[in-house]
Amino acid sequence: VYQETQEQIEDLIPEGAIGPDTRLVLANAIYFKADWVHQFLPVLTRDMPFNLLDGGQKSTPMMNFEQPRQLGYLAGDSFQAVELPYVGDQISMLVLVPDQGKFVDFEDALTAGKLDTIWGALEQRTVSLVFPKFSFTRNFSLDKTLSQMGMPDAFCSGATDFSGIDGKGVL
């Protein structure tokens, strides 16, 4: 995995995660690296103030376009949204920026339906964009998710029943 993700995912299955009682390991890794249609030139990246949730600011490398670009954009009630398409026009990043001091309210009110409405309301506009340089990783456990999907016994000691998962019966 480490080699296939260009050294980005180092410990898909951390040491000690598999023990003598382990019968099945379900693992998934996503490594996404793509170029935006409209590139941010590295020479235009500059440290600038970034507003924090607590009202403070932090100096952060901010990427800039060489000139304004045509992008999907929406100025909504207490937020702005912009769509950054990736090369190939199959995938894009939707960036939602709540107005200062409105983050928690915006996040609490955000639903899949509202997200669909925002996405559908984007209009092509000429946008001058200043965007923080970023990367992120995320690790999570599937026990709660699988339980909510109808597999409440998936991780219960002694009660686990994956019978039929391989077509041969009880594991």
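Structure shown above.
Residues numbered from 1 in each chain as written. Predicted model: local features only at pLDDT ≥ 70, side-chain atom pairs only at ≥ 80, totals over all residues. Heavy atoms only, no water.

1. Considerations on the sheet that holds strand β6 (residues 123–127)
Point 1. Within the open sheet, the four strands sit side by side as β5-β4-β3-β6. Their pairing is antiparallel. The open sheet is flanked by β5 (92–98) and β6, the only strands paired with a single partner. Averaged over neighbouring strand pairs, the angle between their axes works out to 40 degrees when direction is ignored.
Point 2. Here five bridges tie strand β3 (residues 69–76) to β6, and the two strands are oriented antiparallel to one another. Across the sheet, Gly72 pairs through a bridge with Gln124, a residue of β6.
Point 3. Running over the sheet, helix α2 (residues 112–121) touches β3, β4 (79–85), β5 and β6 and is turned about 105 degrees from β5. (Pairing = 2+ DSSP bridges. Helix = DSSP H or I, 4+ residues; strand = E, 2+ residues; numbered from the N terminus. Axes fitted to C-alpha atoms, helices over the stretch in contact; angles between N-to-C directions. Contact = heavy atoms within 4.5 Å.)

2. Considering the pattern of salt bridges
Point 1. With the rule as written, the count across this model stands at one salt bridge.
Point 2. One salt bridge connects Arg125 with Glu123, and the closest N-O pair in it is separated by 2.7 Å.
Point 3. Residue class for Glu123 comes out partly exposed when judged on its relative accessible area of 44%. (Salt bridge = Lys/Arg side-chain N within 4 Å of Asp/Glu carboxyl O. Buried < 20%, exposed > 50% of the residue type's maximum accessible area, 1.4 Å probe, protein only.)

3. Quick notes on the sheet that holds strand β7 (residues 130–132)
Within a sheet, adjacent strands bond to each other through the backbone by hydrogen bonds, running parallel or antiparallel.
Point 1. If you walk across this open sheet you meet the three strands as β1-β2-β7, and the pairing is antiparallel. Both outer strands of the open sheet, β1 (46–51) and β7, are each paired with one neighbouring strand and no more. The sheet shows a mean angle of 55 degrees between the axes of neighbouring strands, direction not considered.
Point 2. Inspection of the sheet shows strand β2 (residues 57–64) paired to β7 by three bridges, in the antiparallel sense. Bridging from a neighbouring strand, Met62 pairs with Pro132 of β7.

4. A closer look at the pairing of β2
Point 1. Of the strand pairs in this sheet, β1 and β2 are connected by six bridges, and their pairing is antiparallel. Among the inter-strand pairings, Asp47 is bridged to a residue of β2, identified as Pro61.
Point 2. Between β1 and the antiparallel strand that follows it, β2, lie five residues; Gly55 among them carries a positive phi value of about 95 degrees.

5. A few points about the nonpolar core
The nonpolar side chains of a soluble globular protein tend to be buried with one another.
Point 1. Among the nonpolar cores identified, the biggest contains 14 residues, and Trp36, Phe40, Leu84, Met93, Leu129 and Phe131 are the most heavily contacted of them.
Point 2. Looking at this core, the elements with two or more residues in it are β3, β4 and β5.
Point 3. Look past the residues within four positions of Leu84 in its chain and what remains in contact with it is Trp36, Phe65, Leu71, Ser92, Met93, Val95, Leu129 and Phe131.
Point 4. Core analysis: the second largest hydrophobic core is formed by seven residues, Leu74, Phe79, Phe106 and Ile118 among them. (Core = buried A, V, L, I, M, F, W, Y, C linked by side-chain atoms within 4.5 Å.)

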